[in-house]
Structures are given as C-alpha cells and as structure tokens.
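A look at the structure
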Amino acid sequence: NNLSDTLKQVFRNLDSATGMSRGNDVEPARPSSPNADYGDADALRFCAAVRLYTEWHNVRCVPEGYKGYAVGMNIGKKDTIQNVAKIEHAVHSYINYMKGNESLSSSVVTSPTLRQLLQHEIDMSVHRRLPKLNKNSAAMGLLWIVRGT
C-alpha cells in the first residue's frame, strides 16, 4: 500500500464520520452493479469528502495577508456546506423511507449511492416542475457542488 500514514488516517476519519452520520443499523452503499459507474459513490461518503475538501481549500488557498480574499472564500465555503446539507438531509429521508417500507428493503438498510438518491427523488416526485429542480433537493445541492468545484 503506497498511501502515507496521514492519508490513511484521513480515510479512517472519513469512514468514522460517515458511519456516525449513517447510523449503527445502516450499511454503507452498495453500487448497483459490480462495475462501479458514475454516480455509484456512497452519498454520505461523497458529502464527507466534499466537506473535507472545502475546509482544506479554504485554508490552503488564502494567501498570507489577503484577508479580503478570505471573505470571498468563506462565502463560497458557506454555499458549498449548505448544498452538502441538502444532500445529507435527502440521504436521511431516504434511509427513513427505506426503514419504514420493509417491503422495499431487505433486512439490511443501506445508505444510498448518489444515483440511488437521485432516482429516489424522481420516484417520490420531489421535482414537480421538471426541468426546474426543487430548491432544497439533493439534486439541486449536487448541481451546485459540481458547478462550484
């Protein structure tokens, strides 16, 4: 394994944070196919990685003595965190829905992938006036995270 000890610790912390957010009785996401594809990332792990990147980006990209630049960076950070929160809220709604519908889930409830989460929003008619996205949806949060990075 060629990863540094620091990077290994980062991954352990990401796993710990996502596990706590997911809950003890929910398993990590399982990709829909053996060949993971675009969108098959665990939604909560994605959120944790974006939060980590946002913090790192804010710390590393503000040059010493440029406080005015930091103000703009903090606005971007706040926007990103708000969009991550939209995804996290949708994930927890998905998990609660799956727990409440035993006929839809096996005995083990899993956290959704990004693909499963977006499909769930479609299935639940979260976006009533497509192509306009619901303002507080995971789709809207993901859209703005992708646009902002």
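Residues numbered from 1 in each chain as written. Predicted model: local features only at pLDDT ≥ 70, side-chain atom pairs only at ≥ 80, totals over all residues. Heavy atoms only, no water.

Some details on the packing of aromatic side chains
Here is the rule we go by: Here a Phe, Tyr or Trp ring, Trp counted by its six-membered ring, pairs with any other such ring whose centre lies within 6.5 Å, and the pair is stacked when the planes are under 30 degrees apart, edge-to-face when over 60, and tilted otherwise. Helix and strand labels come from DSSP, where a helix needs a run of H or I of at least four residues and a strand needs a run of E of at least two; each type is numbered from the N terminus. Each residue is placed in one exposure class: buried if its accessible area under a 1.4 Å probe, protein chains only, is under 20% of its type's maximum, exposed if it is over 50%, and partly exposed if it falls in between. In this analysis the charged atom, NZ for Lys or CZ for Arg, is taken to sit over a ring once it is within 6 Å of the ring centre and within 35 degrees of the ring normal.
A complete count under the given rule lists one aromatic pair for this structure. For the ring pair tyrosine 53 and tryptophan 56, a centre distance of 6.0 Å and an interplane angle of 35° mean the geometry is tilted. Of this pair, tyrosine 53 and tryptophan 56 both sit in helix α2 (residues 43-60), three residues apart, which is roughly one turn of the helix. Assessed through its relative accessible area of 39%, tyrosine 53 is described here as partly exposed. Take tryptophan 56: its relative accessible area is 47%, and that puts it in the partly exposed class. The ring of tryptophan 144 has arginine 147 lying over it, and the distance from NZ or CZ to the ring centre is 4.7 Å.

Regarding the nonpolar core
What counts, and what does not: By nonpolar core we mean a set of buried residues, namely Ala, Val, Leu, Ile, Met, Phe, Trp, Tyr and Cys, connected to one another through side-chain atoms within 4.5 Å. Any two residues whose heavy atoms approach within 4.5 Å at even a single point are treated as in contact.
Formed by 18 residues in total, the largest nonpolar core has its most connected members in Ile87, Val91, Ile95 and Leu117. Of all the elements, helix α3 (residues 67-100) adds the most residues to this core, at seven residues. Contact partners of leucine 117, with chain neighbours within four places excluded, come to Ala43, Ile87, Ala90, Val91, Tyr94, Pro112 and Ala138.

Thoughts on the layout of surface pockets
Formally: Here a cavity means grid points, on a 1 Å grid over the protein atoms only, where a 1.4 Å probe fits yet cannot get out; a pocket means an open set of points with protein on both sides within 12 Å along at least five of seven lines; lining residues are those with an atom within 4 Å of a point. Grid points are joined across faces, edges and corners, and a volume is the space filled by probe spheres set on the points. Classes in brief: Ala, Val, Leu, Ile, Met, Phe, Trp, Tyr, Cys and Pro nonpolar; Asp, Glu, Lys and Arg charged; the others, Gly included, polar.
Here the largest pocket is characterised by a volume of approximately 320 Å³. As for the largest pocket, its lining consists of 17 residues, of which Gly76, Lys77, Asp79, Thr80 and Gly148 are closest to the centre. Broken down by element, the residue count for the lining of the largest pocket peaks at nine residues, all from α3. Residue composition of the lining of the largest pocket, grouped by class: four nonpolar, ten polar and three charged. Of the residues forming the lining of the second largest pocket, the biggest block, three residues, is contributed by helix α4 (residues 114-123).

Thoughts on the pattern of salt bridges
The line we're drawing: When a carboxyl oxygen of Asp or Glu lies within 4 Å of a side-chain nitrogen of Lys or Arg, that pair is called a salt bridge.
In the structure shown here, the tally under the stated rule is six salt bridges. Between aspartate 42 and arginine 22 there is a salt bridge, with the nearest N and O atoms lying 3.0 Å from each other. Remark: arginine 22 occurs in helix α1 (residues 5-22) and aspartate 42 occurs in the loop between β1 (26-27) and α2; sequence separation between them is 20 residues. Among the residues examined, aspartate 42 registers a relative accessible area of 11% and is labelled buried.

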